[in-house]
Amino acid sequence: MKMEMERQIGIPNRNPAVFVFLLLLVSCQLCSVVSWKKEEFRNCNQTPFCKRARGRKPSSSSFAAHDVSISDGDLTARLVPSDKTLEDQDQIQIKQLILTLSVYQDGILRLRIDEDPKLDPPKKRFEVPDVVMPEFLSKKLWLQRLSTETIGGDASPSSIVYLLDGYEAVLRHDPFEVYVRKKGGNRVVSMNSHGLFDFELLRVKKDGEDWEERFKGHTDTRPFGPQSISFDVSFYDADHVYGIPERATSFALKPTRGPGVEESEPYRLFNLDVFEYIHDSPFGLYGSIPLMISHGKSRGTSGFFWLNAAEMQIDVLGTGWDAESGISLPTSQSRIDTHWMSEAGIVDAFFFVGPGPKDVVRQYTSVTGTPAMPQLFAVAYHQCRWNYRDEEDVEQVDSKFDEHDIPYDVLWLDIEHTDGKRYFTWDRMLFPHPEEMQRKLAAKGRHLVTIVDPHIKRDDSYFLHKEATEKQYYVRDATGKDYDGWCWSGSSSYLDMLRPEIRSWWAEKFSFENYVGSTPSLYIWNDMNEPSVFNGPEVTMPRDALHVEGVEHRELHNAYGYYFHMATADGLVKRGDGRDRPFVLSRAVFAGSQRHGAVWTGDNSADWDHLRVSVPMVLTLGLTGISFSGADVGGFFGNPEPELLVRWYQLGAYYPFFRAHAHHDTKRREPWLFGEKNTERIREAIHTRYMLLPYFYTLFREANTTGVPVIRPLWMEFPSEEATFSNDEAFMIGSSLLVQGIYTEHARHASVYLPGKELWYDTKTGVAYKGGKTYKLDVNEESIPAFQRAGTIIPRKDRFRRSSTQMVNDPYTLVIALNSSQAAEGELYVDDGRSFGFQEGAYIHRRFVFSDGKLTSVNMAPAAPGQNQFSSECVIERIILQGLSTGQKSALIEPANQKAEIELGPLLLHSKKGPTAITIRKPNVRIADDWVIKLF
Ligand SMILES: *[C@@H]1O[C@H](CO)[C@@H](O)[C@H](O)[C@H]1NC(C)=O
Ligand SMILES: *[C@@H]1O[C@H](CO)[C@@H](O)[C@H](O)[C@H]1NC(C)=O
């Protein structure tokens, strides 16, 4: 969170008089409509590497691959520029680069290009550590041989290596180009097909050279000169490209340049704390994941990931952008061209062949890791506000949830709970008994989250600052002094989280002994970790600040928050007996963040456009590996109208991460403050989430094992349906549930496209709709449309409790929606909801299959070793069957050989009308057992 006023006038707000003054200032500021401070941030034209790269024409440089050979199981070559690119011979040493192509299992091609160490570069360029999974490296296929062939009308030969059955990787020698193609045929993804490749070598400054860059009173010394890299990437047979979060924009990425395209800024990847971001902009927000995914009807899906943590800018080029270049690619395939530009680092790129959407996500997460398995409570509803003032406030809010019969699992404390923004401390006036407060919450199965940000108050009496200073753990400024920036805590320094040693030290701070006032039910929230620096260039750390071993901040900027998140999550793993899974929410994101916890989309606003854009934002994060994400329900800034708030709860109940949050200048907005009717609607939305917790938790496990996200674009489930490709309004939760948000005021109708050929069952009314059509449905304020896909089984828990942890022993309901072959399938995953025991097999994983008039529960878990069994006495108390076409009247349970009651009646418990379904009452079969229920 961020408050503009404090930043501008630069005073802390502990003093009540100052605080009142600030409030006045803020309220008058709000009436003059503050919004995005565009001029505070650089555009491409103000960013020399971007401006230069964008100005380049196709084929403006060319490099050729020499000495192509196999060494250490990789294909290697020297890239040598052709003379025309060396305008300035005496300044540019011979620009020779080393290229390496490696092949990994599952059809993943890795391309690395770096300076040649033999040519003595002034320093080693930065390679991002601790992102690529060690397991992935062991999946390298050792190349034995390469074949050489002259392809199509090429003037030079190409080297070809095996990639996967049916796919191969090609390196064309001159001009150099790398691509993946179907064996002997169509291309999938290519790099440098348009000759935009450029690579600026590090240099030592000579007398008289001026490399400094100035922006808004800040000077970047750029000690090694410009060091950017850029190249083009093409995706073939693609209808759209997606990915490269984080920004508030449409899901399918619009072209940024090209004929007939309204030229915009390129998509920017640079982690920034953007105050009041706008809802339709290519501008980069708090996180950066340089993964682009293409999808098309004819070929399917492919992906390209550039592991690079420096500022990146990416243009999506409209068809015909290269018309004047004279280049014609040796293929008639349709394609989408893109232009990638980064300020520093190396080329370390991964090509993913797909061919299905889930294949690409699986391939990508095999490189960067699958999402962590959250604790069950973290999947439930979170209540946050900047700030819950004191212990009394916490107690009040907590008891009001019970009074209003609304479940919640986690109460959050923002920065004001600390002693003067010194993290790991408490304001003892406001929170004199933090342990007792947590214990009271824990008694109801609830948890507390406190905030820990990366800015460390430069206060000699603060233990963290003292230790960090003594140990020299801070990031340095360009002159070598501890970097000093302004943030919530006033004058602050920032830990050099790139160093593993500092991360371990940080992790120790979360032990129960070190974090005084913390108990096992307390978890953490990392905000401002872009890092946000109120008085820094573009509200962040200067690019020439220095990390360990002379790494410049510019080289790792986008991963700073990632390392901070990693260290914090590690701290929560290590504390106590190390049994419980961590929960850490982060605002800054990088590739791999999914391994460390949840992410939210930052400081949104209470308006309808932000409600709408939250869907493509969360979908994009899911597509790029971050399954556990959500937007602040209600909108952080501003006061939502009750209708908007209700709609936000109805949508947010389906976000993988479901949290309400609000800025401290907004009116209180706990669910019971907007009249009986609205309280009921919000309660209903939250109940919907709690009912679906078994389904969500099962999906989180699927994400944990396969990388396939909990929330999915429709085309991930229906890859050949074009009508879904740019649908930003509806989404799938898993493969069984389709949700359509309502994004306008006073909506009476909603247009909903239901894909496929099978039926969809409205989850509220049971009405069935045939797939393959757009429906104009009547809607009311009570709920948003959601549909269960025919052919699926969804596990639920329908009894309402105070929190998810109190539902653990509750019985299940299975909701079966039969398809036209009178069949359906679904899964249920259950473990203890908190420990790491599931990794030793302590879990229940069942597949429910309905066919031939019987429902079978099949075990999917391998037998767990002896003491790591997980058992559950939970039973299924109700089975709802929709779409049964024959009139069975009895149910027989095997092997118990018992009969169960069957009832034909209206689907809705509280309505006598409407579609009917069959309900099997009290079959009481245990979820842990094998059984069959036969209908006859
Ligand atoms: C699942 O999550 C756990 C921790 O939450 C993590 O350690 C593990 O690597 C993840 N992936 C798999 C396949 O278990
Ligand atoms: C019906 O559902 C079952 C189980 O999900 C599936 O195997 C089958 O292919 C489906 N039939 C049709 C016609 O979609």
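As annotated in an unreviewed UniProt entry, the protein carries the name Probable glucan 1,3-alpha-glucosidase and is attributed to Pyrus ussuriensis x Pyrus communis. Recorded in UniProt under Sequence similarities (unreviewed entry), the annotation for the protein is "Belongs to the glycosyl hydrolase 31 family." The Pathway (unreviewed entry) comment attached to the protein in UniProt states, word for word, "Glycan metabolism; N-glycan metabolism."

(A) Layout of the pattern of salt bridges. Enumeration over the complete set of coordinates arrives at 83 salt bridges. The closest approach of N and O atoms between Asp393 and Arg668, which form a salt bridge, is 2.9 Å. Taken together, the positions of Asp393 in helix 6 (residues 391-403) and Arg668 in the loop between strand 34 (658-660) and helix 14 (675-691) put the pair 275 residues apart, joining distant regions of the chain. According to the relative accessible area criterion, Asp393 is buried, its value standing at 6%. With relative accessibility at 27%, the residue Arg668 sits in the partly exposed group. With a shortest N-O distance of 3.4 Å, Arg587 and Asp603 are connected by a salt bridge.

(B) Quick peek at the nonpolar core. With 186 residues, the main nonpolar core has Leu495, Trp506, Phe583, Tyr649 and Ile733 as its most contacted residues. With nine residues, the single largest contributor to this core is helix 12 (residues 608-623). Aside from chain neighbours lying at most four places away, what touches Phe583 is Phe377, Ala378, His382, Trp412, Val449, Tyr523, Ile524, Leu572, Ala598, Phe628 and Phe657. Counting 49 residues, the second-largest nonpolar core is a separate cluster that includes Ala77, Leu79, Tyr267 and Trp306.

(C) Region of interest: the state of the cysteines. For the structure shown, the criterion picks out one disulfide. One disulfide bridge connects Cys44 with Cys50, the sulfur atoms lying 2.1 Å from each other. On the S-S bond that ties Cys44 to Cys50, the torsion sits near -100°, and the link is left-handed. The burial state of Cys44 is the same as that of Cys50; both residues are buried.

(D) Quick look at the site of ligand 1. Thr370, Pro371, Ala372, Met373, Arg701, Asn704, Phe836, Phe838 and Gln839 make up every residue found near ligand 1. Contact distances for ligand 1 include 2.9 Å between an oxygen atom and a backbone N or O atom of Met373. A distance of 2.9 Å separates an oxygen atom of ligand 1 from a polar atom in the side chain of Gln839. Its residues assigned to classes, the shell around ligand 1 shows five nonpolar, three polar and one charged.

(E) Highlighting empty space enclosed by the protein. For the coordinates displayed, the defined rule picks out nine cavities of 30 Å³ or more. Counted as a void, the largest cavity has a volume near 160 Å³. At the level of secondary structure, the elements contributing two or more residues to the lining of the largest cavity comprise strand 12 (213-215) and strand 13 (218-220). Split by residue class, the lining of the largest cavity holds five nonpolar, three polar and seven charged. Roughly 70 Å³ of internal volume is contained in the second largest cavity. In this structure, the second largest cavity is lined by Gln650, Ala653, Tyr654, Glu684, Ala685, Thr688, Lys764, Glu782, Ser783 and Ile784. The leading source of residues in the lining of the second largest cavity is helix 14, at three residues. Its residues assigned to classes, the lining of the second largest cavity comprises four nonpolar, three polar and three charged.

(F) Highlighting the sheet that holds strand 24 (residues 410-413). Taken in spatial order, the eight strands of this open sheet run 33-32-30-29-25-24-23-34, and their pairing is parallel. Taken across any chain shown, the strands that pair with only one partner, and hence form the sheet edges, are strand 33 (629-630) and strand 34. Strand direction decides the pairing type here: strand 25 (residues 447-451) and strand 29 (residues 522-526), joined by four bridges, are parallel. Directly across from Thr450, in strand 29, lies its bridge partner Ile524.

(G) Structural detail: the site of ligand 2. Surveying the vicinity of ligand 2 reveals the residues Glu758, Gly791, Asn819, Ser820, Ser821, Ala823, Ala824 and Glu825. Gly791 places a main-chain nitrogen or oxygen 3.0 Å from an oxygen atom of ligand 2. Ser821 places a side-chain nitrogen or oxygen 2.8 Å from a nitrogen atom of ligand 2. Here ligand 2 has 360 Å² of accessible area as a free molecule, and 53% of this is covered by the chains.

(H) Structural view of helix 5 (residues 357-368). Under the 1.5 Å per step criterion, the end-to-end length of helix 5 is 17 Å for 12 residues, consistent within 8% with the ideal 16 Å. Taken residue by residue, helix 5 has Pro357, Val360, Val361, Gln363, Tyr364, Thr365, Ser366, Val367 and Thr368 as its buried positions.

(I) Main features of the side chain of Asp116. Looking at the secondary structure, you find Asp116 in the loop between strand 4 (108-115) and helix 4 (134-137). As a buried residue without a salt bridge, Asp116 has its nearest oppositely charged side chain in Lys118, at a separation of 4.6 Å. Other than its neighbours up to four places away in sequence, Asp116 contacts Gln96, Ile98 and Pro121.

Definitions and limits used
- Residues numbered from 1 in each chain as written.
- Chains lettered and ligands numbered in written order.
- Predicted model: local features only at pLDDT ≥ 70, side-chain atom pairs only at ≥ 80, totals over all residues.
- Heavy atoms only, no water.
- UniProt positions renumbered as here; feature names shortened; annotations may be inferred.
- Salt bridge = Lys/Arg side-chain N within 4 Å of Asp/Glu carboxyl O.
- Helix = DSSP H or I, 4+ residues; strand = E, 2+ residues; numbered from the N terminus.
- Buried < 20%, exposed > 50% of the residue type's maximum accessible area, 1.4 Å probe, protein only.
- Core = buried A, V, L, I, M, F, W, Y, C linked by side-chain atoms within 4.5 Å.
- Contact = heavy atoms within 4.5 Å.
- Disulfide = S-S within 2.5 Å.
- Near = heavy atom within 4 Å.
- Polar contact = N/O pair within 3.5 Å; in protein donor to acceptor, adjacent residues only side chain to side chain.
- Nonpolar A, V, L, I, M, F, W, Y, C, P; charged D, E, K, R; others polar.
- 1 Å grid on protein atoms, 1.4 Å probe; cavity = no way out; pocket = protein on both sides within 12 Å on 5 of 7 lines; lining within 4 Å.
- Points joined across faces, edges and corners; volume = space filled by probe spheres on them.
- Pairing = 2+ DSSP bridges.
- Areas by Shrake-Rupley, 256 points an atom, 1.4 Å probe, with all protein chains shown as cover.
- Expected span 1.5 Å × (residues − 1).
- Lys, Arg positive; Asp, Glu negative; His and termini not counted.

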